Amino acid sequence: VQLQASGGGLVQAGGSLRLSCTYSGRTFDKYPVGWFRQTPGKEREFVAAADWSGSIKYYADSVKGRFTISRDNIKNTVYLQMNDLKPEDTAVYYCAATLRVGVQIQAQGSYENWGQGTLVTVSS
């Protein structure tokens, strides 16, 4: 199983980016997916997650109303649309997928498959 995240980059505050995460090697279309982020010296934190259909979504309070998670199960891809970016959104963003059922999908411990991370830098 491989997860490949992309779409990070440098953007000014107030700008937008869309992250993509493509998974291969195993179909995840019946399982939850999530995005997490980490900055140096801090623990990795939850950003957003979606159930297998994409109809049930969770967001961290810090990104609600600005970020949107979505998935295309035909393309085996998960997206994170990030709008109105702020300098505090600067982090390495990781996508994750799990084959477990009945888990708390906001918790990073629920995921056993992780992408390599993509860096998002928001300048003020």
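Figured I'd write up the structure that's included with this text. Quick caveat, the model's predicted, so the values are computed rather than measured.

## Some thoughts on the pairing of strand S1 (residues 2-6)
Burial along S1 is one-sided: Leu 3 and Ala 5 are buried, and none of Gln 2, Gln 4 and Ser 6, which face the opposite way, are. Looking at chain direction, S1 and strand S3 (residues 17-24) are connected through 5 bridges and run antiparallel. Counted as the bridge partner of Ala 5 is Cys 21 from S3.

## Focus: the environment of Ser 16
Within the fold, Ser 16 resides in the loop between strand S2 (9-12) and S3. Spatially, the C-alpha atom of Ser 16 lies 9.8 Å from that of Lys 86, the residues being 70 residues apart in sequence. Among all residues touching Ser 16, those that are not within four sequence positions of it are Val 11, Gln 81, Met 82, Asn 83, Asp 84 and Leu 85. A distance of 2.9 Å separates a polar atom in the side chain of Ser 16 from a polar atom in the side chain of Asn 83.

## Topic: the state of the cysteines
Summed over all chains, the structure comprises 1 disulfide. Across the disulfide, Cys 21 is cross-linked to Cys 95 (sulfur-sulfur distance 2.1 Å). Its torsion about the S-S bond being 60°, the disulfide of Cys 21 and Cys 95 is classed as right-handed. A residue pair is termed long-range when its members are at least 10 positions apart, and Cys 21 in strand S3 and Cys 95 in strand S9 (residues 91-97) qualify at 74 residues. According to the relative accessible area criterion, Cys 21 is buried, its value standing at 2%. Classification of Cys 95 as buried rests on a relative accessible area of 1%.

## Things to note about the nonpolar core
Core analysis: the biggest nonpolar cluster contains 33 residues, and Trp 35, Val 47, Phe 67, Leu 80, Met 82 and Tyr 93 have the highest contact counts within it. Counting only elements with at least two residues in this core, the list comes to S1, S3, strand S4 (33-38), strand S5 (45-50), strand S7 (67-72), strand S8 (77-82), S9 and strand S11 (118-123). Discounting residues that sit within four places of it in the chain, Val 47 has contacts with Trp 35, Phe 36, Arg 37, Tyr 58, Tyr 59, Ala 60, Val 63, Phe 67, Leu 80 and Tyr 93.

## Quick look at the packing of aromatic side chains
Under the definition given, this model contains 4 aromatic pairs. Relative to Phe 46, the ring of Phe 36 lies with its centre 5.7 Å away and its plane at 70°, an arrangement referred to as edge-to-face. Taken together, the residues span a long stretch of sequence, with Phe 36 in strand S4 and Phe 46 in strand S5 at a distance of 10 residues. Measuring from centroid to centroid gives 5.1 Å for Phe 36 and Trp 114, while their planes differ by 55°, and the two rings are tilted. Placement of Phe 36 in strand S4 and of Trp 114 in strand S10 (residues 113-114) is noted, with a sequence separation of 78 residues between them. You can call Phe 36 buried: its relative accessible area is 1%. Members of the aromatic cluster, connected to one another through ring pairs, are Phe 36, Phe 46, Tyr 111 and Trp 114.

## A short note on the side chain of Asp 89
Within the secondary structure, Asp 89 is located in the loop between S8 and S9. Judged by relative accessible area, which is 0%, Asp 89 ranks as buried. Polar side-chain contacts of Asp 89 include one of 2.7 Å to the side chain of Arg 66. There is a polar contact of 2.8 Å between the side chain of Asp 89 and the backbone nitrogen of Lys 86.

What counts, and at which threshold
- Residues numbered from 1 in each chain as written.
- Predicted model: local features only at pLDDT ≥ 70, side-chain atom pairs only at ≥ 80, totals over all residues.
- Heavy atoms only, no water.
- Buried < 20%, exposed > 50% of the residue type's maximum accessible area, 1.4 Å probe, protein only.
- Helix = DSSP H or I, 4+ residues; strand = E, 2+ residues; numbered from the N terminus.
- Pairing = 2+ DSSP bridges.
- Contact = heavy atoms within 4.5 Å.
- Polar contact = N/O pair within 3.5 Å; in protein donor to acceptor, adjacent residues only side chain to side chain.
- Disulfide = S-S within 2.5 Å.
- Core = buried A, V, L, I, M, F, W, Y, C linked by side-chain atoms within 4.5 Å.
- Phe/Tyr/Trp six-rings, centres within 6.5 Å; stacked < 30°, edge-to-face > 60°.

Spatial relationships are all this shows, so hold off on functional conclusions.
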